[in-house]
Each structure stands twice: as structure tokens, then as C-alpha cells.
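Fold and contact review
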Amino acid sequence: MTGDASATVLEPERLGPLARPAVVLALLTALLGVVALIGWAVDSPVLTRVLPGLVAMQPSTAADFVLLGLGTAVMQSRVLPSRRAASMVALVAVALVLVIAGTGLVTETQQVDYPFTFLADMSQNGGRMSGITAVGHLTLTVSLLCLVLRRPEVAHGTAVAGVAIGLMGLSGYAFGPSDLYGVGYFQTLALHTALGITTLGLALVMATGNVGLVRLARSRTTGGRLVRTLLPAVVLVPLATGWLGVRAMREGAGPGFVVACLVTAVALFSGAMVWAAGAQLRQADVRRAEAERDRHEAEVARAEAQLALEQLAAADEELRIANRDLRDFTSATVHDLRGPLSAIQLGSQMLELTSSEETRAKVEERIRTAVARGMALVDDLLDLQQVGTVDPESTDLDVVAMVSAHATTVSDQTGRAVHLDLAGADDVTGVHADEQLVRRLVGNLVENAVKYTPGDDAVDLALRTSTHEEMVEVRLADRGVPIAEEERETVFEIFRRGTEGARVAPGTGVGLAICRRIVERHGGEIHIEDEAGWAKSFAFTLPCAGGVDPGAEVAPTA
């Protein structure tokens, strides 16, 4: 055996919460047997009979109590170094009791003398223990054996049966030992034998741990409270009323009157028990209703807090975007507006110093160009400000139809053919977004594709759509000037343009910033990615039309 296994065997098993009272009751039972054996050794009727005129406890019965009491106590204590050693002691006790009590039961049923004369008072019932004593001891022996074999439910049930046997004997003595002695197996049951069977049965009930009646009685449920409240009364009140009835009949009361009194007492007692049970159940229902109400209020508060957190997160994101736009605007506006204003200032100074008509015409043209550039910049900044402050009014839109319509419009305005490939946009067409903002979004992207495709030839575009959870991803690819990898994030910042694009066509650097702002207002993202056969592809996400069915057909929006 390995060291770990040895440690496991030698480590005492964790004892249950009722182990200490079980040990106390078991030792009291063993002490009871020892006292009876001492009584036989010193010939003391007080120790063997308790009271004059009562039957004596046989030495075999006392020996059984010593063995079963010690076996139970050893199993429920750490007096031995391991459970295995405790189990061996308990098994020896079980084997000896099986022999002693089993022999007693056989001899009682066969009405022959008890063979182990050193454990018997042959002058009383042929040295035999009473039949009910033998049955009680064998029942408790089975309980102890099941405890050793780790069968707590069976051990618990047989221990309860042992308690019932002991209580029957005690009840018989309470109502009159003369009547008890006239009943078959009970005729030689000693008073302290009945007490010992009851005590040892209770010890084994506790030793079985948190099962059966113990589990119910110790629970904090309504059932547990009912058991703790009603069980003592259910056991004691009938015994008390029965004892009073027997006493009344012995004092001369008629049986009919005694029975009537007993029936009335039982009815009143049963009604009181029902009332007590109903009161406790009502209190439990009230507490349960209060707990349910508190739980519902807590869930409502949690939902409200979650909603508030979501709203706070959305507001925080809006503030972050607004601060970013403000930072970009502050840093770039000074630079970009300074150019047109400086050109106008310089032109005004040149007009004052020159008298040549040709020079004046060139200067005036430069001033007009600077003014146009400044106005275009102001218009774009106003558009960016409007996109960032106006709340979106979302409806279901056909984004494919909008891109197609805008491609046609731009083609008509510029005189350049625009070829739009829709092969990858047939399955998903619907988005849920603000119509005016989406128009501006797709308009900027289509116009940029035409603007930054050099020459006067046809402009090729490709539209692809797909779904990702509750969002639709739209990808618009073109064959215009590419955007370098390191510039694919910065071109979405205000007043930032790609190096190649700036060489091909003029611009303010606000258009893509507006596109990003529109997408973010709808909870989406936009970025630039590579696509085979194309210079670049703008990919952005918008909420699905309808919120649940991204492939649903949506009425076209021109």
C-alpha cells in the first residue's frame, strides 16, 4: 500500500454533528449493562430488578448492552487511530451479540433452557431473555452492522424500529407491569432492558448522520419545524392520556366513560396539532410570498441597473467619439482653414500693390479658389457636426438599392460610366438605419470611388453583403487609387487624406470622417480591407432590417 493510501486509511472519518450525543447515549447503555452485571456479581436485586416484584435483566441481556454500546461509541468517536480499527471492534461486538441474542430468540421460541449458563439466571424463565428483548437486540445489531458497512439509510430504519420496541416496553410498564407480563414475548422484559433498548436505538439513530428523521428534524424548512414542534407531542400525549385512562379504570371508572374521554382527548389533540401545523404553514407561505416579492423587486432593480449601465456605456461611447472629433477638429481646423484665409490675405495685399490687369485677374482667380475651398471646408464641417448631433431615425432600408441608385446619379452627374457588380449582394439587402445618414454614407463612398479613379474611363464597383449576428456587413470595392496599409486608420480622421489620393484629386479630408461617424452612430464599424482583383474595399456594418431576420426582403429605397 502506498503512503497516500495509508494516510487515507489512518485518517479518522469526519464525524457527523450528532456524533457526541450518540456516543453519550451509547456509553450510558453500556454502563447500564455493566451495572446489571455487577448486580449479578454481588447479588443485588436493586441493580438487577430496579424495583421489587419486577423481572430481572438477564446477564446475557446486560452483556449485549455492553457490547452494542461500546461498538456504537467506538464507531462514533476517535478513540481508535482509524475507521478500520473501529469497524473491527464493532464487527466483533456484532458477531458476539448475534450469537447471544440469536440463541436467546431460538431458545425462547423453542421453550428450552438457555445453553450459556454463565450468562443466565436459570431460575427465571429457564435463563432465557424475553423474546422481545432478543428481537430488539438483533434489530439494533443489524443497525450497527449497516453503520459499519456504510448503509446509513438501512441503519437509520432499523434503529428507529429498535426505539419503537423499547418504547412499547416502557409504555407497558407505565400502564401496568402485570398486564405487560401476560403478553407473550413481553412476559420477562425487564424495565431497564426496555430503557436500554430505547436509549441504544436513539444513539444509533443519531449515529447514522443526516438521513431520515434526523435530516428532517434538523432542517430549517417548514417540514423540519413541524417535526420539531409536533413529534414530541405526538409521542408523549397519547402515552399520557392512555396512562390516565388506565388509572381511571383502576379507580373504578367504567370502560365506556374512559373510552369517551380518550376519544375526546385524541380529537382535541388532533385538532390542536392540525391548527399548529396550519399556523406554521401559513407563516411559511407568508415568508415565501415576502421572499418572492423581494426577489422580484431585486430582479426589477437589477434590470433597471443593467439598463442604466447600458445607457451610461452608450453615453460614454458618444462622449468618447465627440471628444475625439473635437480633438481632431481643433488640431486640424486651424491648419486647414489657415490656408484659404492666408491666400485671401496675400491676394488682397497683391491687389493693392499691382496695377497690371493681367496680374490682378490671376490674383482674383486665386482669391476665388481660396474662398471656394474655404466654403467647401465649412460645409463639410457643418455636415460632420450635423451627423454627430442629430438623433438617427431608423427605418428598414434596402442598402443595395440605395447604392445602385446613387451609382446611377453620380454617373449622370459626372458623365462617367459606373459599372456596379452585385453578384455578392443578392442574399442580404435590408438594414435598419437612418435613411438620410445612409444616403450620405453610400454617397460619399461612391463619389470617392469615382473621384479617385484616374482618367475618364468607366468606374468599376463591386458590392458584397453578409450577416454577422444582428449586423449586416456591406463591402464596396473599387479599382481607384489604393490606400497604404499604414494610412487605413488615419484616413477616417478629420482632415486626414491618403498620400496617393491627395495626388490624384483635391479634397477637404472630411468625407471619410463623416462616413465613420454615421456608421458609429448606428453601432457599427468601418474599415478598409484588401479584396482580390480590386484596389481596396470599404467594409462597414449596420443593424439588420427588422432586428431578427437579416435576409428579409425590404422595399427598395431610391
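This structure is a prediction, so every number in the text was calculated from the model and none was measured.

Procedures and definitions
Residues numbered from 1 in each chain as written. Predicted model: local features only at pLDDT ≥ 70, side-chain atom pairs only at ≥ 80, totals over all residues. Heavy atoms only, no water. Pairing = 2+ DSSP bridges. Helix = DSSP H or I, 4+ residues; strand = E, 2+ residues; numbered from the N terminus. Axes fitted to C-alpha atoms, helices over the stretch in contact; angles between N-to-C directions. Contact = heavy atoms within 4.5 Å. Patch = residues over 30% accessible without salt bridge, like charges linked within 9 Å, V, L, I, M, F, W, Y side chains within 5 Å. Areas by Shrake-Rupley, 256 points an atom, 1.4 Å probe, with all protein chains shown as cover. Salt bridge = Lys/Arg side-chain N within 4 Å of Asp/Glu carboxyl O. Buried < 20%, exposed > 50% of the residue type's maximum accessible area, 1.4 Å probe, protein only. Phe/Tyr/Trp six-rings, centres within 6.5 Å; stacked < 30°, edge-to-face > 60°. Lys NZ or Arg CZ within 6 Å of the ring centre and 35° of its normal. Core = buried A, V, L, I, M, F, W, Y, C linked by side-chain atoms within 4.5 Å. Parallel < 35°, antiparallel > 145°, perpendicular 65-115°, else oblique. Left-handed = near helix turned anticlockwise from the far one by under 90°. Nonpolar A, V, L, I, M, F, W, Y, C, P; charged D, E, K, R; others polar. pLDDT = per-residue confidence, 0-100.

Ordered in space as E2-E4-E5-E7-E6, the five strands form an open sheet in which the pairing is mixed. Each edge of the open sheet carries a strand with a single partner, namely strand E2 (418-424) and strand E6 (526-529). Here the strands of the sheet are splayed against their neighbours by 25° on average, with no regard to which way each runs. Bridge analysis of E2 against strand E4 (residues 459-468) gives five bridges, and the strand direction is parallel. The partner of Asp 421 across the bridge, within E4, is Ala 462. Packing against the sheet, helix H15 (residues 435-451) makes contact with E2, E4, strand E5 (471-478) and strand E7 (536-543), and its axis sits at approximately 175° to E7.

A contiguous nonpolar patch, built from Val 24, Leu 28, Leu 31, Val 34, Val 35, Ile 38 and Val 42 and spanning about 560 Å² of accessible area, is present on the exposed surface. Within the secondary structure, Leu 28 is located in helix H2 (residues 19-42). Judged by its relative accessible area of 45%, Leu 28 falls in the partly exposed class.

Under the defined criterion, the tally for this structure stands at 14 salt bridges. With its nearest N and O atoms 3.0 Å apart, the salt bridge here joins Arg 128 to Glu 108. Taken together, the residues span a long stretch of sequence, with Arg 128 in the loop between helix H5 (83-110) and helix H6 (131-148) and Glu 108 in helix H5 at a distance of 20 residues. Each member of the pair Arg 128 and Glu 108 is classed as buried.

What follows concerns the environment of Val 112. Here Val 112 lies in the loop between H5 and H6. Sequence-wise, Val 112 and Asn 125 are 13 residues apart; in three dimensions their C-alpha atoms are separated by 9.3 Å. When near neighbours in sequence (up to four residues on either side) are disregarded, Val 112 contacts Thr 107 and Arg 128.

Following the criterion strictly, the structure yields three aromatic pairs and no others. Ring geometry for Tyr 114 versus Phe 116: centroids 5.6 Å apart, planes at 85°, classification edge-to-face. On the numbers, 6.3 Å between centres and 50° between planes, the contact of Phe 116 with Phe 118 is tilted. Each residue in the set Tyr 114, Phe 116 and Phe 118 is aromatic and connected to the rest through ring pairs, giving one cluster. Its end group placed over the ring of Trp 534, Arg 479 keeps NZ or CZ at 3.9 Å from the ring centre.

Before going further, it helps to examine unusual backbone geometry. Despite not being glycine, Arg 150 has its phi angle at roughly 60°, a positive value. In this structure Arg 150 comes out as partly exposed when scored by relative accessible area, which is 48%. The backbone phi angle of Glu 469 is positive, close to 55°, even though this residue is not glycine.

Glancing now at helix H17 (residues 511-521). Burial analysis of H17 places ten of its eleven residues in the buried class, the great majority of the element. By the burial criterion, the buried members of H17 are Leu 512, Ala 513, Ile 514, Cys 515, Arg 516, Arg 517, Ile 518, Val 519, Glu 520 and Arg 521. Gly 523 sits one or two residues past H17 and shows a positive phi near 80°.

A few words on the nonpolar core. Core analysis: the largest hydrophobic core is formed by 44 residues, its most contacted members being Leu 441, Leu 445 and Phe 540. When contributions to this core are tallied by element, the ones reaching two or more residues are helix H14 (399-414), strand E3 (430-434), H15, E4, E5, H17, E6 and E7. At eight residues, the largest contribution of residues to this core is made by H15. If near-sequence neighbours (up to four positions away) are discounted, Phe 540 is found in contact with Leu 441, Leu 445, Val 472, Glu 473, Val 474, Val 519, Glu 525 and Ile 526. Judged by nonpolar contacts, the second largest core, of 33 residues, contains Met 57, Ala 90, Leu 138 and Cys 146.

Between H2 and helix H9 (residues 191-207), whose axes approach to 8 Å, the crossing angle comes to 155°. Taken together, the axes of H2 and H9 lie roughly antiparallel to each other. Crossing handedness for the pair H2 and H9: left-handed. Residue-level contacts link Pro 21, Ala 22, Leu 25, Ala 26, Thr 29 and Leu 32 of H2 to His 192, Gly 196, Thr 199, Leu 200, Leu 202, Ala 203, Met 206 and Ala 207 of H9. Considered class by class, the residues forming the contact of H2 with H9 number ten nonpolar, four polar and no charged.

Time to look at the pairing of E6. Burial along E6 is one-sided: Ile 526 and Ile 528 are buried, while His 527 and Glu 529, pointing the other way, are not. Two elements, E6 and E7, share four bridges in a ladder whose sense is antiparallel. Paired with Ile 526 across the bridge in E7 is Phe 540. Two successive antiparallel strands, E6 and E7, enclose a turn made up of six residues, where Gly 533 displays a positive phi of approximately 85°.

Of the residues in the protein, 83% reach a pLDDT of 70 or more, and the chain-wide mean stands at 81. Low pLDDT, under 50, characterises residues 548-558; the predicted model gives this stretch 24 contacts beyond four residues in sequence or across chains.

Next up on the list: the packing of H14 against H15. H15 packs onto H14 with a crossing angle of 50° between their chain directions and a minimal axis gap of 9 Å. Relative to H15, H14 is oriented oblique. H14 and H15 meet at a crossing whose hand is right-handed. For the pair formed by H14 and H15, the contact residues are Val 399, Met 402, Val 403, His 406, Ala 407, Val 410 and Thr 414 on the first element and Glu 435, Val 438, Arg 439, Val 442, Gly 443, Val 446, Glu 447 and Val 450 on the second. Of the residues assigned to the contact of H14 with H15, the class counts are nine nonpolar, three polar and three charged.

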